[in-house]
Amino acid sequence: MGIPRTDAAGVEPRIQVSRTGRSTPAGRRERCALPLDRILVGDCVAELSKLPEASVDLVFADPPYNLQLEGALMRPDQSLVDAVDDDWDKFASFEAYDHFTRAWLLATRRVMKPNATLWVIGSYHNIFRVGAILQDLGFWILNDIVWRKANPMPNFRGRRFTNAHETMIWASKGPKARNYAFNYDALKAGNEDLQVRSDWFIPLCTGAERLKDAEGRKVHPTQKPEALLARVLLASSQAGDVVLDPFFGSGTTGAVARRLGRHFVGVERDAAYAEAAQARIEAVEPLGAEAVRNAPEKRSEPRIPFLSVLEAGLLPPGATLTDEKRRFQAVVRPDGSLALGDWIGSIHKIGALAQGLPACNGWTFWHVESEAGLAPIDGFRKALRGQMAQAA
């Protein structure tokens, strides 16, 4: 959860906060080049107004939650819970919080590229208000993600359910955005070839990852786990992309971006937090280029008709194809279709009919005999794509 606070385009919200600096009047602000891999110390809206329009690929925002705590929170043994009671999380009213939310969302929207996406994380205290304002401003919600905490704080008063999750909204700039980054195939490959669900089971930030000061106290009360940010960045950005975090806090976004070969731009009002984040990021060892290389998405690869395999001489007409268990045998026809008994059709249609299924990926279902044994015909398609890439 970050610190920056702002007014709403000339409307001063009634926010209870001790300001640590003065924003430059709007008329005197000068736009600057995109400050890659830097932390900007100041008011988030003021600093974002200096950035070039349509310049960032992804936004992760962890704004104040407006927790509305009423007094100190005690454990059953009467020890004090280290809860979030900082001034930056206190607002005079819901109206003030809404002004604040609208202001930073508008400033963020301006610097997003047309196909950029935005992630916002929050709790039940604020996420519904943020979501409504986000939609009012034209954003299009793609998913809501439940971060289910493996080790949540108990409800010490015993008057409510244990608050064991937070919600993230993932949104594009509008309903017409189609080419936003979503690394579907890479995510699926790392999830036992299953689609990644919208509920993520990830522990809170603990142990060596938690930033501590010289006295062993938490540097920031709401430091997010790197595993959470890693999944966000791996899902919705590519190596070399620019990730903006307007509430930089302890710098988790920057640390993960550096490790994964992304650039970051952070905005943080509290100089102490910014200093701790900078030291943290400088200690990160980036992964090698091969480890973070963008994986090709199957949907973006050029389509290869099966007939092209025959025309390239990779497979002759009359060849016999079979499935991996050698249950079915189909004959390759000169026009690129297959014959299986009385059935004639594409590699996909005949594969589906053979199995009694509504659909089939013929490239992976059908195999051909090779010196090394059965091999899927998808190898021919990959070879043709490789030739096309070299020619380009």
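Since this is a predicted model, take the numbers as computed values, not measurements.

Basis of the calculations
Residues numbered from 1 in each chain as written. Predicted model: local features only at pLDDT ≥ 70, side-chain atom pairs only at ≥ 80, totals over all residues. Heavy atoms only, no water. Helix = DSSP H or I, 4+ residues; strand = E, 2+ residues; numbered from the N terminus. Buried < 20%, exposed > 50% of the residue type's maximum accessible area, 1.4 Å probe, protein only. Lys, Arg positive; Asp, Glu negative; His and termini not counted. Salt bridge = Lys/Arg side-chain N within 4 Å of Asp/Glu carboxyl O. Contact = heavy atoms within 4.5 Å. Axes fitted to C-alpha atoms, helices over the stretch in contact; angles between N-to-C directions. Parallel < 35°, antiparallel > 145°, perpendicular 65-115°, else oblique. Left-handed = near helix turned anticlockwise from the far one by under 90°. Pairing = 2+ DSSP bridges. Core = buried A, V, L, I, M, F, W, Y, C linked by side-chain atoms within 4.5 Å. pLDDT = per-residue confidence, 0-100. Phe/Tyr/Trp six-rings, centres within 6.5 Å; stacked < 30°, edge-to-face > 60°. Lys NZ or Arg CZ within 6 Å of the ring centre and 35° of its normal. Polar contact = N/O pair within 3.5 Å; in protein donor to acceptor, adjacent residues only side chain to side chain.

Turning our attention to the side chain of Asp-241. With respect to the secondary-structure elements, Asp-241 resides in the loop between α5 (226–236) and β7 (242–245). One buried charged residue, Asp-241, remains without a salt bridge, the closest side chain of opposite sign being Lys-113 at 5.9 Å.

This paragraph deals with the pattern of salt bridges. This model, assessed by the stated rule, comprises 15 salt bridges. Among the ionic pairs, Glu-226 bridges to Arg-280, the shortest N-O distance being 3.0 Å. A residue pair is termed long-range when its members are at least 10 positions apart, and Glu-226 in helix α5 and Arg-280 in helix α7 (residues 271–282) qualify at 54 residues. In this structure Glu-226 comes out as buried when scored by relative accessible area, which is 18%. For Arg-280, a relative accessible area of 10% corresponds to the buried category. Shared partners join several salt bridges into a network, and the residues in it are Glu-226, Arg-259 and Arg-280.

As a further point, take the environment of Leu-40. Along the chain, the position of Leu-40 falls in strand β1 (residues 38–41). Setting aside residues no more than four positions away along its own chain, Leu-40 makes contact with Pro-35, Glu-47, Leu-51, Val-265, Gly-266, Val-267 and Glu-268.

Glancing now at the packing of helix α2 (residues 94–111) against helix α3 (residues 127–136). Between α2 and α3, the least distance of the axes is 10 Å, while the angle of their chain directions is 50°. When the interaxial angle is binned, α2 and α3 end up oblique. Judged by the sense of rotation from one axis to the other, the crossing of α2 with α3 is right-handed. Seen from α2, the contacting residues are Phe-94, Tyr-97, Asp-98, Thr-101, Arg-102 and Leu-105; seen from α3, they are Arg-129, Val-130, Ile-133 and Leu-134.

This next bit is on the pairing of strand β13 (residues 367–370). By the bridge criterion, 4 bridges tie β13 to strand β14 (residues 373–376) in an arrangement that is antiparallel. Of the residues in β14, the one forming a bridge with Ser-370 is Gly-373. Here β13 hands over to β14 after 2 residues, the two strands then running antiparallel side by side.

With 33 residues, the main nonpolar core has Trp-104, Leu-105, Leu-118, Leu-134 and Phe-139 as its most contacted residues. The set of elements that each furnish at least two residues to this core consists of α1 (44–48), β2 (56–61), α2, β3 (112–122), α3, β5 (165–172), β7 and β8 (263–268). Among residues more than four places away in sequence, those in contact with Leu-118 are Val-59, Ala-61, Leu-105, Thr-108, Met-112, Leu-134, Phe-139, Ile-169, Trp-170 and Ala-171.

Bringing the confidence of the model for the protein chain into the picture now. The share of residues in the protein chain with pLDDT of 70 or more is 84%, and the mean pLDDT across the chain is 85. With pLDDT under 50 throughout, residues 1–29 is counted as low confidence; its partners more than four residues away or in other chains account for 88 contacts. Predicted confidence is poor over residues 72–76, with pLDDT under 50, and the contacts of this stretch with residues over four places away or in other chains come to 14 contacts.

One pair of aromatic rings is described through two measures. These are the centre distance and the angle between the planes. Enumeration over the complete set of coordinates arrives at 12 aromatic pairs. Ring centres of Phe-328 and Phe-365 lie 6.4 Å apart, and the angle between their planes is 40°; this geometry places the pair in the tilted category. One end of the pair, Phe-328, is in the loop between β9 (320–322) and β10 (329–332); the other, Phe-365, is in helix α11 (residues 362–365), with 37 residues separating them in the sequence. Overall, the relative accessible area of 11% leaves Phe-365 in the buried class. Grouped by ring-pair contacts, the aromatic residues Trp-119, Trp-170, Tyr-180, Phe-182, Tyr-184 and Trp-200 constitute a single cluster. The aromatic ring of Phe-139 is capped on one face by Arg-109, whose charged end is 4.8 Å from the ring centroid.

Turning our eyes to something else, we now look at unusual backbone geometry. Its identity is not glycine, yet Glu-192 carries a phi of approximately 55°, on the positive side. Positive phi, normally seen in glycine, also occurs at Arg-326, with a value near 60°. Examined against the element boundaries, Arg-326 turns out to sit in the loop between β9 and β10. Look at Arg-326 and you get partly exposed, because its relative accessible area is 47%.

Moving on: the side chain of Asn-183. Following the sequence through the fold, Asn-183 ends up in the loop between β5 and α4 (184–189). There is a polar contact of 2.9 Å between the side chain of Asn-183 and the backbone oxygen of Ser-237. Apart from the residues within four sequence positions on either side, Asn-183 is in contact with Leu-234, Ala-235, Ser-236, Ser-237, Gln-238 and Glu-297.

In this section: the environment of Leu-58. Checked against the element boundaries, Leu-58 lands in strand β2. With relative accessibility at 0%, the residue Leu-58 sits in the buried group. Each C-alpha atom, one on Leu-58 and one on Ser-236, is 7.5 Å from the other, the two residues being 178 residues apart in sequence. Beyond its immediate sequence surroundings of up to four residues, Leu-58 is in contact with Ala-116, Thr-117, Trp-119, Leu-233, Ser-236, Ser-237, Val-242, Val-243 and Leu-244.

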